[in-house]
Amino acid sequence: MFRILLISTGLGCCMAASAQFHTVTPHTARYRIERVEQGTAGKTTEVTEKAATEETSTDTTSIRKQWIDSYLSVSYPLKEIHVTSPFGVRTDPFTKKRKRHNGLDLRADRCETYAMMHGIVVKTGQDRVSGKYVTVRHGDFSVSYCHLSEWRVKKGDCVRPGDVVGISGSTGRSTGPHLHLTVRLGRRHINPVVLLQFIDKTRRQALEKLSHATK
Ligand SMILES: [Zn+2]
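Residues numbered from 1 in each chain as written. Predicted model: local features only at pLDDT ≥ 70, side-chain atom pairs only at ≥ 80, totals over all residues. Heavy atoms only, no water.

Trainee: Where do I start with helix H4 (residues 193–213) in this structure?
Mentor: The periodicity of an α-helix, 3.6 residues per turn, causes residues three or four positions apart to be oriented the same way. Over its 21 residues, H4 runs 30 Å from end to end, which matches the ideal 30 Å to within 8%, given 1.5 Å per residue. Buried residues of H4: Val194, Leu195, Leu196, Phe198, Ile199, Thr202, Arg203, Ala206, Lys209 and Leu210, and no others. (Helix = DSSP H or I, 4+ residues; strand = E, 2+ residues; numbered from the N terminus. Expected span 1.5 Å × (residues − 1). Buried < 20%, exposed > 50% of the residue type's maximum accessible area, 1.4 Å probe, protein only.)

Trainee: Is there a simple way to think about helix H3 (residues 60–72) in this case?
Mentor: For H3, which comprises 13 residues, the first-to-last C-alpha distance of 18 Å matches the rise-based estimate of 18 Å (1.5 Å per residue) to within 8%. When H3 is considered as a whole, its buried residues turn out to be Ile63, Trp67 and Ser70. Looking straight down H3, one finds that the buried residues subtend no more than 55° of arc, so they occupy a single side. Along H3, exposed side chains directed more than 90 degrees from the buried face belong to Thr61, Lys65 and Leu72. (Arc of directions from axis to C-beta.)

Trainee: Where do I start with the environment of Arg128 in this structure?
Mentor: Tracing the chain through its elements places Arg128 in the loop between strand E8 (119–127) and strand E9 (131–138). Given the relative accessible area of 76%, Arg128 is considered exposed. Separated by 46 residues in sequence, Arg128 and Ser174 place their C-alpha atoms 9.6 Å apart. Not counting chain neighbours up to four residues away, the residues in contact with Arg128 comprise Gly172 and Arg173. (Contact = heavy atoms within 4.5 Å.)

Trainee: Help me understand the coordination of the zinc ion in this model?
Mentor: Reference geometry at the metal: tetrahedral coordination by four donors gives ideal angles of 109.5 degrees; octahedral coordination by six donors gives 90 or 180 degrees. The protein atoms donating to the zinc ion are His101 (NE2), Asp105 (OD) and His180 (ND1), with metal-donor distances spanning 2.0 to 2.2 Å. The motif formed by the donor residues of the zinc ion, counted along the single chain, is H-x3-D-x74-H. Pair noted here: His101 is in strand E5 (residues 98–101) and His180 is in strand E13 (residues 178–185), with a separation of 79 residues, a long-range link. Residue His101 is classed as buried on the basis of its relative accessible area of 4%. (Donors = N, O, S within 2.8 Å, 3.2 Å for Na, K, Ca; no water.)

Trainee: Explanation requested: the packing of aromatic side chains in the structure shown.
Mentor: Geometry of an aromatic ring pair is reported as the spacing of the ring centres plus the angle between the planes. Applying the stated criterion across every chain yields a total of zero aromatic pairs. When the ring centre of Trp151 is taken as origin, the NZ or CZ atom of Lys132, which lies over that ring, is 4.8 Å away. Lying across the ring of Tyr71, Arg203 places its NZ or CZ 4.1 Å from the centre. (Phe/Tyr/Trp six-rings, centres within 6.5 Å; stacked < 30°, edge-to-face > 60°. Lys NZ or Arg CZ within 6 Å of the ring centre and 35° of its normal.)

Trainee: Can you help me understand the nonpolar core in this one?
Mentor: One recurring pattern in soluble globular proteins: nonpolar side chains tend to sit buried together. Formed by 31 residues in total, the largest nonpolar core has its most connected members in Met116, Tyr145 and Leu195. Listing elements by their share of this core, those giving two or more residues are strand E1 (2–8), strand E2 (30–35), strand E6 (104–107), E9, strand E10 (141–151), E13 and H4. Residue contributions to this core peak at five residues, all from H4. Inspection of this core shows a minimum of three residues originating in each of domain 1 (2–73 + 197–213) and domain 2 (83–191). Aside from chain neighbours lying at most four places away, what touches Leu195 is Ile4, Ile33, Met116, Met117, Phe141, Val143 and Val183. (Core = buried A, V, L, I, M, F, W, Y, C linked by side-chain atoms within 4.5 Å. Domains from an automatic or database assignment.)

Trainee: How should I be thinking about the packing of H3 against H4 in this particular structure?
Mentor: Between two packed helices, the angle of one axis relative to the other and the distance separating the axes together describe the packing. Packing of H3 against H4 leaves a shortest axis separation of 8 Å and a crossing angle of 155°. For the element pair H3 / H4, the angle class is roughly antiparallel. Pair H3 / H4 crosses with left-handed handedness. The residues of H4 that touch H3, namely those facing Arg64, Trp67, Ile68, Ser70 and Tyr71, are Thr202, Arg203, Gln205, Ala206, Leu207, Lys209, Leu210 and Ala213. Residues that form the contact of H3 with H4 fall into these classes: seven nonpolar, three polar and three charged. (Axes fitted to C-alpha atoms, helices over the stretch in contact; angles between N-to-C directions. Parallel < 35°, antiparallel > 145°, perpendicular 65-115°, else oblique. Left-handed = near helix turned anticlockwise from the far one by under 90°. Nonpolar A, V, L, I, M, F, W, Y, C, P; charged D, E, K, R; others polar.)

Trainee: Any chance you could explain the side chain of Ser75 here in plain terms?
Mentor: With respect to the element layout, Ser75 can be found in the loop between H3 and strand E3 (83–85). With a relative accessible area of 9%, Ser75 lands in the buried category. Beyond its immediate stretch of four places on either side in the chain, Ser75 contacts Tyr114, Ala115, Met116, Pro161, Gly162, Ile199 and Arg203.

Trainee: For this particular structure, what's the right way to read the pattern of salt bridges?
Mentor: Side-chain pairing between opposite charges can occur once the charged atoms of the two side chains come close. Using the criterion set out here, one finds nine salt bridges in the structure. The salt bridge involving Asp92 is made with Arg173; its shortest N-O contact spans 3.1 Å. Remark: Arg173 occurs in the loop between strand E12 (164–168) and E13 and Asp92 occurs in the loop between strand E4 (88–91) and E5; sequence separation between them is 81 residues. For Arg173, a relative accessible area of 30% gives the class partly exposed. A salt bridge links Lys154 to Asp157; its shortest N-O distance comes to 3.1 Å. A network of salt bridges, in which partner residues are shared, links Arg110, Glu150 and Arg152. (Salt bridge = Lys/Arg side-chain N within 4 Å of Asp/Glu carboxyl O.)

So this is what it looks like as structure tokens:
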């Protein structure tokens, strides 16, 4: 299970630092993702350096397993990540007007698309905007994979990180093959980059710890 925590909206620090009025827009919000132990609501198990070193002297094998589990707890949504259109206000490719892009576009042409974390498929469907899509719930937030050419999961499926949820495509309101990711926390759209950064950080940290453990 994972959850997204709102760390700050930028309002407090901007006001305090300059004592002036600043426009606060939703995308200035800072979020942090935490891993939550299943079955122990609210109890977080962030795999931190401190947590690992506390046990190093007693059980190296279990620490190695902890970091391997940490590495395997996340997956990039595609084999290669190239952002083609960021989250936020942009010129709409259809209307040429300024409009908020509620997700992140990644380059992908009929590529396997992977679940980024452990979760439950809460919806698969098709509409004029998103085309074929899959929505996976991970704790208190959900991720939608849009413009797919094929679904590879169905509602109710439990997915692990790296499981193929679909094949990317260009269905729906799309100018060409790509993967559009949407991350929702309640009604709010979150920049999916937050997730990609979390995945990157988790994997780098685990690899670093494992490389030290084998020396
Ligand atoms: Zn998009």
